[in-house]
Amino acid sequence: MNITSTSALRALHIMMAVLGLLLVAGFCLVLSQPAHNGVRWARFEQAQLCIEPVQTARLNRAGLLEQLTQAPTTATCEPRVPLPHVARAVGGKFVRDANEPMQRAWYSLQYTIPENWRPGESLLVYSPRLSGLAWQVRIGGKIVRDNLDDWRMTWNRPLVARSAPSQFAPGEQVAIELAIVFEPARGHSLSRVSIGPASTLANTLAKRHYLQETLPFASILMLLAMGVFFFGFWWARRAEKAHLLLTCSCVAWSIFNLQFVLPTFDEARFSDWYRGLTSLTVPWIIWLVYLFVLQIDRRFSRLFAFGMPAYVLLMSVLVLPIFGLSADVGLVYQAVNTAVSALLILRVFWLAARGGSLELRVICAAFLFGVVAGAHDIAVMAQRFDPEGIFWLPYASLAVFGAFLFAVQRRYVHAIDQHQQLSDSLAERLAARERELQANQQRLLELERAHVLADERQRLMRDMHDGLGSTLTASLVMLEQGNTSPRELENVLRESIDDLRTVIDSLEPVDGELATLLATLRFRLGRRLEAAGIELQWEMHDLPPLRWLGPPQALQVMRIVQEALSNILKHSAATHVHLSARALGTAIEVRLTDNGRGFDMSSALQAGGRGLRNLRRRAAHLQAELNVVSEIGSGTTLCLLLPVERATAEPSSHQGSNATLARLPAAVS
Amino acid sequence: MTKIMIVEDDPAFLNRFCRIVMSEPQFEICAAVGNGTAALETLMHTAPDVLLVDLDLPDISGIDIIRETAQRYPQTDIMVVTVFGDERHVLASIEAGATGYLLKDSLPDEFVGLIHQLRAGGSPISPVIARVLLRQLRPGGRIPPVDNTKLSGREAEILAFIAKGFSSSEIGKLLSISAHTVTAHVKKIYQKLAVHSRGEAVYEATKLGLLAR
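J.: Please give an account of the sheet that holds strand S5 (residues 102-112) of chain A that cites residues and values.
T.: Residue and element names in this part refer to chain A. Strands sit in the order S3-S2-S5-S11-S8-S9 across an open sheet of 6 strands; the sheet is antiparallel. For this open sheet the edge positions go to strand S3 (76-82) and strand S9 (142-146), each flanked by a neighbour on one side alone. Going from strand to strand, the sheet's axes swing by 25° on average, the running direction of each strand aside. Pairing geometry for strand S2 (residues 46-54) and S5, over 7 bridges, is antiparallel. Residue pairing across strands places Val54 opposite Met102, the latter belonging to S5. Strands S2, S5, strand S8 (134-139), S9 and strand S11 (173-182) of the sheet are contacted by helix H2 (residues 61-69), whose axis makes an angle of about 40° with S8.

So this is what it looks like as structure tokens:
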């Protein structure tokens, strides 16, 4: 990388850092903006509370409306109760008593219009959290707002009521009344109430809305998107069960988070199923999450492996409105789930402590937050803690999935690293192997060259020894003895040249054509036979090519036939010679017949029989069969059977080069 | 009378060839030189009927002399004189334009007979050369195609017989032609090869190691 691009990159990094700092600072500024300027709106920390019984009615919008608008009856009042005020459940039961009477709580506040009130401003009443069945707000004796349209969400919606824009006179006393219908068995609560001009409270409302509804809703979308992403991964690689588990967890958790934001149904039978379905996701989530952790850390536990499915099934059945008790088991149900999660997290902690990876530790931290969030939410629901707070579980889901994403990311990065390393080392090994192979090839080539050289030297030696060498030596001896006529000497020298020519002819390329080889012999010797008055009958059939017929073998074949012919010339006194070559099954038969005087086989062999033995030796070299049949007075027949295919290599006399070859495999491996 | 020119660097052989040629009344020697330069000089003003040339000359390759002669005097019969008559040398000579060859140790009557044969329009051929020509002029396949432009069917037939060792007279009998016609065919084939390879003569000679000495 050159200097300019390096500095450009550094500048980019600095710019990004500055931008990030600006963003963080901006957010801090926005968040630290005072939610309210105390001068213009008032927060009430106490109120007058009257509790009055109301007629029991059906638990739906119409029934609740009737109860909220009933005329006041006898009421027991307390002039000042502190806010937040929590009226805890009395004698809680798991199963609702349909005939149990309900009560209505009246909170009364007196708001004094401030001096700097701007005309046309609306009056806004806001309380972050309250519990009960439904509520209604009256300002100056007029019903301004109730929450009957989504009364089942009372538990997770702030109370907001706004008067019509009206002309309040500064200093005017305005009576604010909040009515909450509730079941004594479940109690009710109200957090502090802020009252003031609508404009001054808008910011506070928006922030609360964002934290309590928008973010949890966003978490649902995020979880669904992640689910789609993981599902895609799983679809592409089915063997990776972790992705399927994550997909299921995402879907389950997004369903669970639904209950924080979506309005429920007015009618109980729909509402009960809706709540049952959203609640039953909790044990499933716990189980799926546990299975995912197992994917990361494969230490197995029988208790958890069989206990978890049983727990999930039991809880799923219990929470659905099948046995009629489900609608009211909410808190107990959540408590059991939290306890199981706590047990699970203990186990995960235990795993993490005993040699868990970084992923497992991060997941542990997220789980811890999840359990804390669950406990917090239960406490809030039970009106024991943080009566104005928001629920944390939607955030816990994001934290846990963040941890999962981290784990998956680590896995991918690890896999990619491994792959990189693998291909690197593979390339390296390949290169090394290639070098090794090249070296071996080189060595093999050298050995082969050495072998060929040794082979050729052996062959030349043998040829010289057999042919030219012996003929020349013989002529030398004849000359030394001094009884040689020039005619004889000429013959000896001609023989030598003939032999040399045969050697050279054997080197001519014939591509395994025995016919051409024999033809060459005739071409050289034919005139000699003619001169000796011998008629040669030539019978050449179509012959299969002999693949083993290299120059050394060609020379042997030629020598055999040549020797036979020269024997005929010298000794037989024949007038007719018949040479035939034909294919006979897996062999080629070369037959040489003369009509000469013949000889006695047994005496020929007894008398040393060098010529005959020589022919046999040459034939054996070729793995051929040689038969000579002769009888005195009826000519001689020589029959050479050459195999078309040779099973093994020629039984060679050059042991040295063979030994070199035998060492080869050891050198290669 | 047949005018014969001999190019041979070995005086003994030159002497021998001269004696053999002179022994035949129908022949006369028009020139006998011992090196390539002298041969080329002589060829400037003399047109022999038959040129006997040794390939292995001290100054110029015999191949060059053959080529020069074949171009200058297409009517001249060129005979190469070699020790072994091996494929390499004979083919290179034929490609340069020779139509016959002699072995240095040939018996005198063989020698004279071959010159006569050549004058009569026939060429000698060995089975190995026949085989190589068969391959070279008709690549691919043993059976000659009828519409072959390089080698006629009859020519290919003759070459195939020669490669299998049959003599001219035997082939003549088999094909119902005279032995002389067989050798005449061979001469024609040689000429075809020479024409065929004239374009690539230099390349061929280099390949055979005859020019790069």
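J.: How would you sum up a nonpolar patch on the surface? Please name residues and give values.
T.: All names here are of chain A. Together, Phe217, Leu221, Leu224, Val251, Ile255 and Leu262 give the surface a local cluster of nonpolar side chains, amounting to about 460 Å² of exposed area. Within the residue set of the nonpolar patch, elements represented by two or more residues are helix H3 (198-236) and helix H4 (241-261). For the nonpolar patch, the leading source of residues is H3, giving 3 residues. Secondary-structure assignment places Leu224 in helix H3. Owing to a relative accessible area of 39%, Leu224 belongs among the partly exposed residues under this scheme.

J.: Could you give an account of the packing of aromatic side chains, naming the residues involved and the relevant values?
T.: Any two aromatic rings considered together are summarised by their centre-to-centre distance and by the angle between their planes. Residue and element names in this part refer to chain A. According to the stated counting rule, one finds 22 aromatic pairs over all chains in the structure shown. When the ring of Phe229 is compared with that of Phe233, the centres are 5.0 Å apart and the planes differ by 75°; the resulting orientation is edge-to-face. Note that Phe229 and Phe233 are positioned in helix H3 at a spacing of 4 residues, about one turn of the helix. A ring pair is formed by Phe265 and Phe270, whose centres lie 6.0 Å apart and whose planes are at 50°; its orientation type is tilted.

J.: Quick one: what's the story with the interface of chain B and chain A, residue by residue and with numbers?
T.: At the junction of the two partners, chain B supplies 25 residues and chain A supplies 23 residues. Approximately 2,100 Å² of surface area, both sides summed, lies buried where chain B meets chain A, with 49% of it carried by carbon and sulfur atoms. Our enumeration of links across chain B and chain A arrives at 6 salt bridges. With a shortest N-O distance of 2.9 Å, Asp542 of chain A and Lys164 of chain B are connected by a salt bridge. Elements with a minimum of two residues in the side of chain B that touches chain A: strand S5 (100-103), helix H6 (127-137) and helix H7 (153-163) of chain B. Take the side of chain B that touches chain A: its biggest share by element is 4 residues, from H6 of chain B. Split into classes, the residues belonging to the side of chain B that touches chain A amount to 11 nonpolar, 4 polar and 10 charged.

J.: Pulling in residues and values, what's your account of the environment of Glu157 of chain B?
T.: Residue and element names in this part refer to chain B. Turning to its location among the elements, Glu157 is positioned in helix H7. With relative accessibility at 34%, the residue Glu157 sits in the partly exposed group. Residues Glu157 and Leu134, 23 residues apart in the sequence, show an inter-C-alpha distance of 9.2 Å.

Criteria and thresholds
- Residues numbered from 1 in each chain as written.
- Chains lettered and ligands numbered in written order.
- Predicted model: local features only at pLDDT ≥ 70, side-chain atom pairs only at ≥ 80, totals over all residues.
- Heavy atoms only, no water.
- Pairing = 2+ DSSP bridges.
- Helix = DSSP H or I, 4+ residues; strand = E, 2+ residues; numbered from the N terminus.
- Axes fitted to C-alpha atoms, helices over the stretch in contact; angles between N-to-C directions.
- Contact = heavy atoms within 4.5 Å.
- Patch = residues over 30% accessible without salt bridge, like charges linked within 9 Å, V, L, I, M, F, W, Y side chains within 5 Å.
- Areas by Shrake-Rupley, 256 points an atom, 1.4 Å probe, with all protein chains shown as cover.
- Salt bridge = Lys/Arg side-chain N within 4 Å of Asp/Glu carboxyl O.
- Buried < 20%, exposed > 50% of the residue type's maximum accessible area, 1.4 Å probe, protein only.
- Phe/Tyr/Trp six-rings, centres within 6.5 Å; stacked < 30°, edge-to-face > 60°.
- Buried area = accessible area lost by both parts, 1.4 Å probe.
- Nonpolar A, V, L, I, M, F, W, Y, C, P; charged D, E, K, R; others polar.

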